[in-house]
Amino acid sequence: MCGIVAYLGKKPAQPILIEGLKRLEYRGYDSAGVGLINPDKIGIKIIKSSGRISVLEGLLPEANPKEVLGIGHTRWATHGEPNTINAHPHLDYTGKIAVVHNGIIENYSTLKTWLISKGCKFASETDTEVIANLIGYLYSGQDGKKTPNGDQNKFEWAVQRALNELVGTYGLAIICTDFPDMLIGAKKGSPLILGLGENEFIIASDAAAIVEHTTQAIYLADNEMVTISSKGFHTKTIDNVEIRKELKQIEFSLDAIELNGFAHYMLKEICEQPKALNMCLGGRLDARDGRVVLGGISKYWREITRAKRIIINACGTAWHAGLVGEYLFEQLARINTETQYASEFRYRNPIIEDDTIVIAISQSGETADTLAAVEQAKERGATTLGIVNVVGSTIARTTDTGVYLRVGPEIGVASTKAFTAQVAVLAMLAIELGRRRHLSSDEAKFYIEELAKIPAKIEKILTKSEQIKKIAEATCDRENWLFLGRGFNYPVALEGALKLKEISYIHAEGLPAAEMKHGPIALITEGMPAVFIATMCSQYSKIIGNIEEVRARGGRTIVVASEGDENIKQYADFLITVPDAPEELQPMLTVVPLQILAYHAAVLRGHDVDKPRNLAKSVTVE
Ligand code: M6R
């Protein structure tokens, strides 16, 4: 969602902030702004606008080499419409403090009323302006408390006092005109990373904005803050207790976040899937002994093996992967599994017993609902396991144990390679858990060998992009689509529909194919596209029956089928074949043509695939 970049160094801050904000564009935003300390005039220059960063760039003066301290932000509106006034940075009523903020302040209304009663003026409808004004008010000494204890500077002291009044979540970067060589960052529930370059510091909400400058970083934890000057930095809790933080290496290279000749990140990431899955599976499959080696969870196998129930929590695409996981755990490990929307689970009164494992799946590791579900599960005594892509993210750190996807940064808002890797990790977990419970060595070997073949099979599917584009050309003018699958391919139908919706804005519904007769069949009109996943599987003949039902009503069928299936041709207006695989592993293959179809449909309809309207890459607020 929103993005933060802040810089203190020797170079002009303005271009660095703009470059950093561009790196965060993928997260989704509707306005942007920068604030720079001007040492000559000793003031804060704020420039902001609604719309794209390119609009903001058009408003910027030439970079001033003396302006070496600044904060920048991309905003995804929560409180107040996406206009220039509500864009960040926000200045306090005295004009001395400027703030950029990710997250939501839940008690902003109470604080705002109180601050207004003290004479503070507000210009915007945002919760963030409350933070700026609260710091400004406490900094001004109007409340009668003028001096911090010991040698603590007044700016840091005012920030700490303000942070202790806030209820909600924040990632913050703050500057003050009286301290033209000081930048403060703070975090609670919204990520914040400090990059340590040579004679320069960059604070950002996402490593993608840092990696161009340095790979040395410090990840702040909740209720921690950092105070930076050109001479160095110190980290503290918001209660003013000094803390030592470990220096970490940002694992991905700049190359991983470049387009490298692809028209869009989504396309790049679709095409990267063979390589990404090889990275995900690499070193983890032992086909000789029929075992899966997942280093991160080695200490937790006792709890996992004796578990009687698994609850999977996730949102969106990760939830679809979770649903595949539910089928996998049931089939291969014979364990009761249910997949829940994290947003529902967090507010339910779930029954969690001693032997319940809660798995959280999240590409970003920052999704607010998924994180809250993990916290709820932990409070009730569950062992929690994260399946996460972003290393060091909040969910990765909050869960007891976990498995990283290892697929590199996913920039496209529409999740693709993360889905296939999430399913791959779930398959590995299910095989190893099955092996520890009842699966024979031969059965485990079989699935492991088949899993290892998946990347090469995806490579083959990718060669069909032009053929799939033609299908999109023939069908993408239709505004209503159905996606239908059964068994392991039912979650793929949901995922195919989500992909089409989010980037092409076509209304699409994903269903278990048999459910069609219970209502949705009424929607079928002449020429309506219905995408079927009808690969060789235990329910093959059943899905053929469902295809016939659609054709009988004039629907146009796009069928994803197994290579070599001659019979299926008579049922398909458009046919896409994929290599065969055991049905438990098919989702990693059958999803790929649907990703490609959605991509082409969106491009043909003239949409910006990587910046779909209203969407954010990582949903860090409820
Ligand atoms: O980062 P997460 O995996 O937790 O994100 C969950 C969903 O927000 C995400 O999968 C979303 O549905 C994608 N835009 C789908 O393409």
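Residues numbered from 1 in each chain as written. Predicted model: local features only at pLDDT ≥ 70, side-chain atom pairs only at ≥ 80, totals over all residues. Heavy atoms only, no water.

A short note on the overall build of the protein chain
A tally of regular secondary structure across the protein chain gives 18 helices and 27 strands. Its C-alpha atoms give the protein chain a radius of gyration of 26 Å, within 12% of the compact-globule value 25 Å for 622 residues. For the protein chain, the share of sequence-separated contacts (at least 6 apart) that also reach a separation of at least 24 residues comes to 71%. By element, 49% of the accessible surface of the protein chain is carried by carbon and sulfur atoms, the whole surface being about 23200 Å². Where the 68 positive side-chain charges of the protein chain centre and where its 76 negative ones centre are 2 Å apart. (Helix = DSSP H or I, 4+ residues; strand = E, 2+ residues; numbered from the N terminus. Rg over C-alpha atoms; globule rule 2.2 N^0.38 Å. Contact = heavy atoms within 4.5 Å. Areas by Shrake-Rupley, 256 points an atom, 1.4 Å probe, with all protein chains shown as cover. Lys, Arg positive; Asp, Glu negative; His and termini not counted. Charge placed at Lys NZ, Arg CZ, Asp CG, Glu CD.)

Some words on the site of the ligand
Close to the ligand lie 14 residues, the nearest being Ser362, Gln363, Ser364, Thr367 and Glu502. One of the backbone N or O atoms of serine 415 is found 2.8 Å from an oxygen atom in the ligand. Within the side chain of glutamate 502, a nitrogen or oxygen atom sits 2.4 Å from an oxygen atom of the ligand. Using a 2 Å cut-off from the grid points, one finds that the ligand occupies the second largest pocket. Elements with a contribution of two residues or more to the shell around the ligand: helix H9 (316–333) and helix H16 (490–504). Residue classes in the shell around the ligand are distributed as 5 nonpolar, 7 polar and 2 charged. Here the shell around the ligand spans two domains, and each of domain 2 (259–454) and domain 3 (463–609) adds at least three residues to it. (Near = heavy atom within 4 Å. Polar contact = N/O pair within 3.5 Å; in protein donor to acceptor, adjacent residues only side chain to side chain. 1 Å grid on protein atoms, 1.4 Å probe; cavity = no way out; pocket = protein on both sides within 12 Å on 5 of 7 lines; lining within 4 Å. Sits in = over half its atoms within 2 Å of the grid points. Nonpolar A, V, L, I, M, F, W, Y, C, P; charged D, E, K, R; others polar. Domains from an automatic or database assignment.)

Observations regarding empty space enclosed by the protein
Applying the stated criterion across every chain yields a total of 3 cavities of 30 Å³ or more. Counted as a void, the largest cavity has a volume near 100 Å³. Looking at the lining of the largest cavity residue by residue, the classes come out as 4 nonpolar, 8 polar and 2 charged. Size it by volume and the second largest cavity reaches roughly 40 Å³. The wall of the second largest cavity is formed by Ile304, Ile310, Phe329, Ile357, Ile359, Leu385, Leu429 and Leu433. Counting only elements with at least two residues in the lining of the second largest cavity, the list comes to strand S20 (356–362) and helix H13 (417–437). Per-class residue counts for the lining of the second largest cavity are 8 nonpolar, no polar and no charged. (Points joined across faces, edges and corners; volume = space filled by probe spheres on them.)

Notes on the layout of surface pockets
Space inside the largest pocket adds up to approximately 980 Å³. In terms of lining residues, the largest pocket is bounded by 46 residues, among which Tyr219, Phe252, Asn389, Val390 and Val391 are the most central. Contributions of two or more residues to the lining of the largest pocket are made by strand S15 (248–249), helix H7 (273–281) and helix H12 (394–398). Considering each element in turn, the lining of the largest pocket owes the most residues, 3 residues, to H7. Here the residues of the lining of the largest pocket are counted per class, giving 20 nonpolar, 10 polar and 16 charged. A domain-level breakdown of the lining of the largest pocket finds at least three residues from each of domain 1 (3–250) and domain 2 (259–454). Considering only enclosed or pocket space, the second largest pocket measures out at about 520 Å³ in volume. What lines the second largest pocket is a set of 25 residues, and nearest its centre among them are Cys315, Gly316, Ala616, Lys617 and Val619. If you list the elements that add at least two residues to the lining of the second largest pocket, you get H9, S20, helix H11 (368–379) and H16. Of the residues forming the lining of the second largest pocket, the biggest block, 3 residues, is contributed by H9. Taken together, the residues of the lining of the second largest pocket sort by class into 10 nonpolar, 11 polar and 4 charged.

Quick look at the domain arrangement of the protein chain
Here the protein chain is partitioned into domain 1 (3–250), domain 2 (259–454) and domain 3 (463–609). If you average the C-alpha positions of domain 1 and of domain 3, the two centres end up 46 Å apart.

Examining the sheet that holds strand S25 (residues 529–533)
The 5 strands lie next to each other as S24-S23-S25-S26-S27, forming an open sheet whose pairing is parallel. Looking at the sheet topology across the chains shown, the edges are occupied by strand S24 (507–512) and strand S27 (574–578). Averaged over all pairs of adjacent strands, the angle between their axes in this sheet comes to 15°, without regard to strand direction. By the bridge criterion, 5 bridges tie S25 to strand S26 (residues 556–562) in an arrangement that is parallel. Bridged to valine 531 within S26 is isoleucine 558. Along the sheet, H16 contacts strand S23 (480–485), S24 and S25; its crossing angle with S24, the most-contacted strand, is approximately 175°. Packed on one face of the sheet, helix H17 (residues 540–552) meets S23, S25 and S26 and runs near 175° to S25. (Pairing = 2+ DSSP bridges. Axes fitted to C-alpha atoms, helices over the stretch in contact; angles between N-to-C directions.)

Focus: H17
In a regular helix each residue adds 1.5 Å, so 13 residues correspond to 18 Å; H17 covers 19 Å between its end C-alpha atoms and thus fits that length. Regarding H17, the residues found buried are Tyr540, Ile543, Ile544, Asn546, Ile547, Glu549 and Val550. The inward-facing, buried residues of H17 abut S23, S25 and S26. (Expected span 1.5 Å × (residues − 1). Buried < 20%, exposed > 50% of the residue type's maximum accessible area, 1.4 Å probe, protein only.)

Observations concerning the sheet that holds strand S21 (residues 383–388)
Spatially, S19-S18-S20-S21-S22 is the arrangement adopted by the 5 strands of the open sheet, whose pairing is parallel. At either margin of the open sheet sits one strand with a lone partner, and together these are strand S19 (336–341) and strand S22 (401–404). Ignoring which end each strand starts from, the neighbouring axes of this sheet average 20° apart. Sheet analysis places strand S18 (residues 309–314) next to S19, joined by 6 bridges and oriented parallel. By the bridge assignment for S19, isoleucine 312 is matched with threonine 339.

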